[in-house]
Amino acid sequence: MLESVLASRAPAIFQIVAAYPGFQDALLGTFRDLRDAGLSPAQLEEGIRRCARDAPERRDHLEGLAALYRQFRERAARFQDVDDDFRAAARNAVQAPRALGGRRLLIFGLYDVTGQQADLLRVLKD
């Protein structure tokens, strides 16, 4: 999906690197981090507008990133993703004791918890 966004609508600032797998991997990682942080395309664009005043030499890169993020999220919205899974799990957390056969749940081995994971853990603790 990202390849098609880049092929059809890559901002001029990224044209030279858009086809490189390393760039695409880095972009997907960035988009995942933004999504996990709960940052919408509109919030990213607003943040960039505020920050671009302090770094005008980075403005084209930042605005290009925001445009790609918006296009990618619009296309991705057509499909169920991990966010949908976490929201469904949080909605159904009330059924956890029955599904688990008790009220205790041991969770271990987590590090670098995302916002979605933290929301689910908060619901499950009750």
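Quick caveat: nothing in here was measured; it's all calculated off a predicted structure.

### Topic: the packing of helix H2 (residues 21-36) against helix H4 (residues 59-76)
Part 1 of the reasoning: Packing of H2 against H4 leaves a shortest axis separation of 11 Å and a crossing angle of 75°. Looking at the two axes, H2 sits roughly perpendicular to H4. Counted together, Leu27, Leu28, Thr30, Phe31, Leu34 and Arg35 of H2 and Leu65, Leu68, Tyr69, Phe72 and Arg73 of H4 form the full contact between these two elements.
Part 2 of the reasoning: Of the residues assigned to the contact of H2 with H4, the class counts are 8 nonpolar, 1 polar and 2 charged.

### So, the pattern of salt bridges
Part 1 of the reasoning: In the structure shown here, the tally under the stated rule is 9 salt bridges.
Part 2 of the reasoning: Arg70 is the salt-bridge partner of Glu74, the closest N and O atoms lying 3.9 Å from each other. Here the residue Glu74 and the residue Arg70 both occupy positions in helix H4, the gap between them amounting to 4 residues, near one helical turn.
Part 3 of the reasoning: Through salt bridges with shared partners, a single network forms among Glu45, Arg70 and Glu74.

### Some details on a nonpolar patch on the surface
Part 1 of the reasoning: Nonpolar side chains collect at one region of the surface, where Leu100, Leu105, Ile107, Leu110 and Val113 lie side by side and expose about 420 Å² of accessible area between them.
Part 2 of the reasoning: With respect to the helices and strands, the residue Val113 is situated in the loop between helix H6 (96-100) and helix H7 (115-125).
Part 3 of the reasoning: The exposure class of Val113 is partly exposed, given its relative accessible area of 38%.

### Some remarks on unusual backbone geometry
Part 1 of the reasoning: Of note, the phi angle at Asp112 is positive, near 50°, even though the residue is not glycine.
Part 2 of the reasoning: Along the chain, Asp112 falls in the loop between H6 and H7.

### Comments concerning the packing of aromatic side chains
The description of an aromatic ring pair uses the distance of the two centres, along with the angle that the planes make with each other.
Part 1 of the reasoning: Inspection of the entire model under this criterion finds 3 aromatic pairs.
Part 2 of the reasoning: An aromatic cluster is defined as three or more aromatic residues linked by ring pairs; in this entry it consists of Phe31, Tyr69 and Phe72.

### Details of the side chain of Arg35
Part 1 of the reasoning: Residue placement: Arg35 occurs in helix H2.
Part 2 of the reasoning: With residues up to four places along the chain from it excluded, the contact list for Arg35 reads Tyr69, Arg73, Asp81, Val82 and Asp83.

### Brief notes about the packing of helix H1 (residues 2-9) against H2
Part 1 of the reasoning: For the pair H1 and H2, interaxial distance at closest approach is 11 Å and the crossing angle is 110°. With respect to each other, H1 and H2 are oriented roughly perpendicular. Seen along the crossing, H1 lies across H2 with a hand that is right-handed. Between H1 and H2, the residues in contact are Leu2, Glu3 and Leu6 and Phe23, Gln24, Leu27, Leu28 and Phe31, respectively.
Part 2 of the reasoning: Of the residues contributing to the contact of H1 with H2, the split by class is 6 nonpolar, 1 polar and 1 charged.

Quick notes on the rules
- Residues numbered from 1 in each chain as written.
- Predicted model: local features only at pLDDT ≥ 70, side-chain atom pairs only at ≥ 80, totals over all residues.
- Heavy atoms only, no water.
- Axes fitted to C-alpha atoms, helices over the stretch in contact; angles between N-to-C directions.
- Helix = DSSP H or I, 4+ residues; strand = E, 2+ residues; numbered from the N terminus.
- Parallel < 35°, antiparallel > 145°, perpendicular 65-115°, else oblique.
- Contact = heavy atoms within 4.5 Å.
- Nonpolar A, V, L, I, M, F, W, Y, C, P; charged D, E, K, R; others polar.
- Salt bridge = Lys/Arg side-chain N within 4 Å of Asp/Glu carboxyl O.
- Patch = residues over 30% accessible without salt bridge, like charges linked within 9 Å, V, L, I, M, F, W, Y side chains within 5 Å.
- Areas by Shrake-Rupley, 256 points an atom, 1.4 Å probe, with all protein chains shown as cover.
- Buried < 20%, exposed > 50% of the residue type's maximum accessible area, 1.4 Å probe, protein only.
- Phe/Tyr/Trp six-rings, centres within 6.5 Å; stacked < 30°, edge-to-face > 60°.
- Left-handed = near helix turned anticlockwise from the far one by under 90°.

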